[in-house]
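Breakdown of the fold
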Amino acid sequence: MPQVTVRYWAAAKAAAQVAEEPYEADTLADALAAVRARHPGELTRVLQRCSFLVDGDPVGTRAHETVRLAEGGTVEVLPPFAGG
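Predicted, not measured: the structure shown is a model, and the values here were computed from it.

Turning to the nonpolar core, a few remarks are in order. By size, the foremost hydrophobic cluster in this structure holds 23 residues, and its most contacted members are Y8, L28, L43, L47, F52, V75 and V77. Secondary structure elements with two or more residues in this core: β1 (3–8), α1 (11–16), α2 (28–38), α3 (42–47), β3 (51–54) and β5 (74–78). Counting residues per element, this core draws most heavily on α2, which supplies four residues. Discounting chain neighbours no more than four positions away, the residues touching L47 are L32, V35, R36, F52 and V77.

Applying the stated rule across the entire model yields four salt bridges. R7 is paired through a salt bridge with E76; the nearest N and O atoms lie 3.3 Å apart. Of this pair, R7 sits in strand β1 while E76 sits in strand β5, placing them 69 residues apart in sequence. Note on R7: relative accessible area 29%, which makes it partly exposed. A residue is classified by how much of its surface remains accessible, and E76, at 13% relative accessible area, is buried. With a closest N to O distance of 3.2 Å, R45 and E42 form a salt bridge. Placement of the pair is R45 and E42 together in helix α3, with a separation of three residues, close to one helical turn. When salt bridges with common partners are traced through the structure, they connect R7, E20 and E76 into a single cluster.

Structurally, the position occupied by A70 is in the loop between β4 (57–58) and β5. For the pair A70 and E42, spaced 28 residues apart in the sequence, the C-alpha separation amounts to 28 Å.

Residues F52 and V54 line the buried face of β3, whereas the alternating positions S51 and L53 sit on a face that is not buried. Inspection of the sheet shows β3 paired to β4 by two bridges, in the antiparallel sense. Note on β4: the bridge partner recorded for L53 is P58. As consecutive antiparallel partners, β3 and β4 are separated by two residues, and within that stretch D55 has a phi angle of approximately 50 degrees, a positive value.

In this section: unusual backbone geometry. Backbone phi values are negative for most residues with the exception of glycine, while trans is the configuration of most peptide bonds. One non-glycine residue, A10, lies in positive phi territory at about 55 degrees. Tracing the backbone shows A10 in the loop between β1 and α1. Despite not being glycine, Q17 shows a phi value in the positive range, around 65 degrees. Tracing the backbone through its elements, the reader meets Q17 in the loop between α1 and β2 (20–24).

The rules behind the values
- Residues numbered from 1 in each chain as written.
- Predicted model: local features only at pLDDT ≥ 70, side-chain atom pairs only at ≥ 80, totals over all residues.
- Heavy atoms only, no water.
- Core = buried A, V, L, I, M, F, W, Y, C linked by side-chain atoms within 4.5 Å.
- Buried < 20%, exposed > 50% of the residue type's maximum accessible area, 1.4 Å probe, protein only.
- Helix = DSSP H or I, 4+ residues; strand = E, 2+ residues; numbered from the N terminus.
- Contact = heavy atoms within 4.5 Å.
- Salt bridge = Lys/Arg side-chain N within 4 Å of Asp/Glu carboxyl O.
- Pairing = 2+ DSSP bridges.

As structure tokens, this is what we get:
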């Protein structure tokens, strides 16, 4: 199973109370499930409004189960920004 780094920005960073952390996950859906399990409070609510970049590429409307993660990859968690 690939080891990836999940990086949190803005409200997601505040809710997670860390800037980044490692996870083992095959897909974006798996990684987000692990994030929700580790941070079952405010971050779970924030994630519902977030967009995601995987290795710099926007996930967009793709199903998270279909987004494969690579060893050493990065998932960026980007909450909506005011005026954005």
